[in-house]
Amino acid sequence: MTKKRVWYKVLENKNELLEGRVMSVTAGHQVLCLSHFEGKYSALDNRCPHQGGPLGEGSIEKGLLRCPWHGWEFHPCSGIPPGGFNDGIQTFEVKVEGDNILVAIEEEEEHQATISDVMVETMVNWGVNRVFGMVGHSNLGMADALRRQEEQGNLKFIGIRHEGAASFAASAYGKLTGKPAACFAIAGPGSTNMFTGLWDAKVDRAPILALTGQVATQVVGTGNFQEVDLINAFNSVAEFNHRVEHKSKHSELMSLAIKTAIIKRDVSHLTFPDEVQELPLENNERAQTDEERITSFTIAPPQESVDKALNMLNQSAKPAIIVGHGARFHMKEILDFAEKLNCPVMTTFKAKGQISDSHPLGCGVLGRSGTPIASWFMNEADLLLVIGASFSNHSGITPKKPTIQIDFDPLALSKFHKIDAAVWGEISVTVKILAAKMTSFDNKINRIEDIKKRSDIWAAEKAKRLTEDRGKGISSISVFDALSKLTPENAVVCVDVGNNAYSLGRYFKSKQQTFLMSGYLGSIGFAFPAAMGAWAAVGSQRPIIAVAGDGGFCQYLAELTTAVKYKMPIKAIILNNSELGKISKEQRAGEFDVWATDLVNPNFSQYANSCGALGIRVTENDALEEAMKTVMSHDGPALLEIITDVGLI
């Protein structure tokens, strides 16, 4: 049966194509080589039969169309090669209507579902509907499936400028929501660029899904362009790591990848050989859903560990609670318990903001990025109740105090040293059980007045530091004092590493904000891509702020254009001291010479304006708050560059 032909307008002004020239045009999804030769307009298939070179980018020489890649020749009108060869080019009927050129091609067949389609639909059914990535030649079939889901309103794709930003954004999304987002890249360098963000997710226990293209199966092992053994490459970072094959159980493979990421809070990776992505489905395979695929996590702790913890709690007069990032979804139950005990609550740096600094029991951050309030109450306590924290060196939780540790991850319990009562259970369930079964509250010393006294002492010290001015820039104390006043209470604040992070942990007075950071990996450059991930999670429901130093922001400087493209109202606060100040400090502490830490920076505010965002630069303390207000109230992405003193942190 003869297929219906459809006429497409491929050129609105025929004079754009000069005599003796060719150009590439598109009719529907068909790319054509349009030629103008000896007064005639002709259309050929754009693909050279040799290696698919784009004929529309070639040239007409001595009456023949030459392929730009390897010089194969064809007649510009008939597509017939010289010399009697039989590898001619398909031609298409052309007509000229006024100044318009039209080409007839066969009506396109209805799209036939592919392996990529069923896997992307399964992914969406499991709730993975945010994808950060870059489309390229080895992931086009998968990208087309993502496009179809986005057009149906089931998925949001954010095209980034560097694949490392994609994985950081997906990592931050997982940290904020507890659910995986996907990062997406081509074979070879696109995939390896994602490693840092994937490791960030892995060590901070954030679920994440990595989707990578791969060179065609038939050229694997031949040293093909951009060929990297991605399965072996991802073995160290991915808990679930598989290549999608022609005969795989495709929807089940995607389901298991996502299930593993969620339950293990880890990295899942699937790589798609180029030719597999576009293969049609067989055996009527259907997309799967998450219905009844994951059991409830609300498990209760063993009775013997509960009894041991209760005995310690009942005997304690001055308990203190330390919460980590692992407790972030359980703070209501923890604070209810703390209020029964009237005991101080402090956080690790990763858990900053999980209790407001204005709460009567709030003592701020413990450790190197922390306050003297937190360290004082840890040392004064006669019992530590550590919940969802990992005992990192940065936090410095003392091993000298009787300790109860509660965690959902049994491997985290007693990880670095013996714990007196290690309690394995879902945190909310466990805390409720302890609160309900405790019998001794009357012997607890109410610490609220003590907390206020220590807070007043620290507030007086901060007020003194605010007056410091060496004439070399604005102090970090002033920056975070202003930021504390002006940051909306429900904001998500994404923090980079370096002195800016230490100062934020110490001086920012948190309310109800959520803080995201590269915790165990401590990767510079995290803040701005993380802010993109946070925006993808909460949209316009919550303000998003990225805090970074000049060194960190420069790592992913180009992603500001991504924020502009997608109208992400991210507010970037950049502390510019033209130095990797934290590294200089470490060199001095190690009795090394300060070396190779000085930076040459652009004018970040001018750069922001050139990208289409709002950019403001502040050099004097008197202008700081007003500039910050302007940035915070701007309708769209904005950047505040603050020239700071590297010595006042």
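Placed above this text is the structure.
Predicted model only: the values in this text are computed from it and were never measured.

Draft legend 1. View of the packing of aromatic side chains. A complete count under the given rule lists 10 aromatic pairs for this structure. Both rings, one in Phe-157 and one in Phe-184, keep their centres 6.2 Å apart while their planes meet at 80°; by these two values the pair is edge-to-face. With Phe-157 in strand β12 (residues 156-159) and Phe-184 in strand β13 (residues 182-185), this residue pair connects regions lying 27 residues apart in the sequence. No difference in accessibility class separates Phe-157 from Phe-184, as the two residues are buried.

Draft legend 2. Representation of helix α14 (residues 499-507). Among the 9 residues that make up α14, 9 are buried, leaving the element largely enclosed by the rest of the structure. For α14, every residue scored as buried is listed here: Asn-499, Asn-500, Ala-501, Tyr-502, Ser-503, Leu-504, Gly-505, Arg-506 and Tyr-507.

Draft legend 3. Examining helix α10 (residues 372-380) more closely. Every buried residue of α10 is listed here: Ile-373, Ala-374, Phe-377 and Met-378. Buried positions in α10, seen along its axis, are confined to an arc of 130° and lie on one side of it. Residues of α10 that are buried make contact with β17 (319-323), β18 (345-347), β19 (362-365), β20 (383-387) and α12 (448-466).

Draft legend 4. Representation of the sheet that holds strand β9 (residues 94-97) within the structure. Read from one edge to the other, the open sheet built from 3 strands follows the order β1-β10-β9, with strand pairing classed as antiparallel. The sheet is open, and its two edges are formed by β1 (5-11) and β9, each paired on a single side. When strand polarity is set aside, the average angle formed by the axes of neighbouring strands in this sheet is 35°. As paired elements, β1 and strand β10 (residues 100-106) share 6 bridges and run antiparallel to each other.

Draft legend 5. Representation of the packing of helix α13 (residues 476-486) against helix α20 (residues 624-633). It is the contact of α13 with α20, at a shortest axis distance of 10 Å, that shows an interaxial angle of 45°. As far as their axial angle goes, α20 and α13 are oblique. The crossing of α13 and α20 is right-handed. Contacts between α13 and α20 pair Ser-478, Val-479, Ala-482, Leu-483, Lys-485 and Leu-486 from the former with Leu-624, Glu-625, Met-628, Lys-629 and Met-632 from the latter. Residue composition of the contact of α13 with α20, grouped by class: 7 nonpolar, 1 polar and 3 charged.

Draft legend 6. Spotlight on the side chain of Thr-403. Considering the arrangement of structural elements, one finds Thr-403 in strand β21 (residues 403-407). Exposure remark for Thr-403: the relative accessible area of 2% places this residue in the buried category. Within polar-contact distance, the side chain of Thr-403 engages the backbone oxygen of Lys-401 at 2.8 Å. Residues within four places of Thr-403 in sequence aside, it is in contact with Met-312, Leu-383, Leu-384, Val-386, Phe-391, Ile-419, Asp-420 and Ala-421.

Draft legend 7. Quick peek at the state of the cysteines. Counted by the stated rule, this structure contains 0 disulfides. Not part of a disulfide, Cys-48 finds its nearest cysteine sulfur in Cys-67, a span of 3.9 Å. As a non-bridged cysteine, Cys-363 has Cys-343 as the owner of its nearest cysteine sulfur, 8.8 Å distant. Given a relative accessible area of 2%, Cys-363 falls into the buried group.

Draft legend 8. Representation of the pairing of β9 in the model. Alignment of β9 against β10, held across 4 bridges, turns out to be antiparallel. Considered in β10, the bridge of Glu-97 is made with Asn-100. Here β9 folds back onto β10, and the loop between the two strands holds 2 residues, one of which, Gly-98, carries a positive phi near 65°.

Cut-off values and rules
- Residues numbered from 1 in each chain as written.
- Predicted model: local features only at pLDDT ≥ 70, side-chain atom pairs only at ≥ 80, totals over all residues.
- Heavy atoms only, no water.
- Phe/Tyr/Trp six-rings, centres within 6.5 Å; stacked < 30°, edge-to-face > 60°.
- Helix = DSSP H or I, 4+ residues; strand = E, 2+ residues; numbered from the N terminus.
- Buried < 20%, exposed > 50% of the residue type's maximum accessible area, 1.4 Å probe, protein only.
- Arc of directions from axis to C-beta.
- Contact = heavy atoms within 4.5 Å.
- Pairing = 2+ DSSP bridges.
- Axes fitted to C-alpha atoms, helices over the stretch in contact; angles between N-to-C directions.
- Parallel < 35°, antiparallel > 145°, perpendicular 65-115°, else oblique.
- Left-handed = near helix turned anticlockwise from the far one by under 90°.
- Nonpolar A, V, L, I, M, F, W, Y, C, P; charged D, E, K, R; others polar.
- Polar contact = N/O pair within 3.5 Å; in protein donor to acceptor, adjacent residues only side chain to side chain.
- Disulfide = S-S within 2.5 Å.

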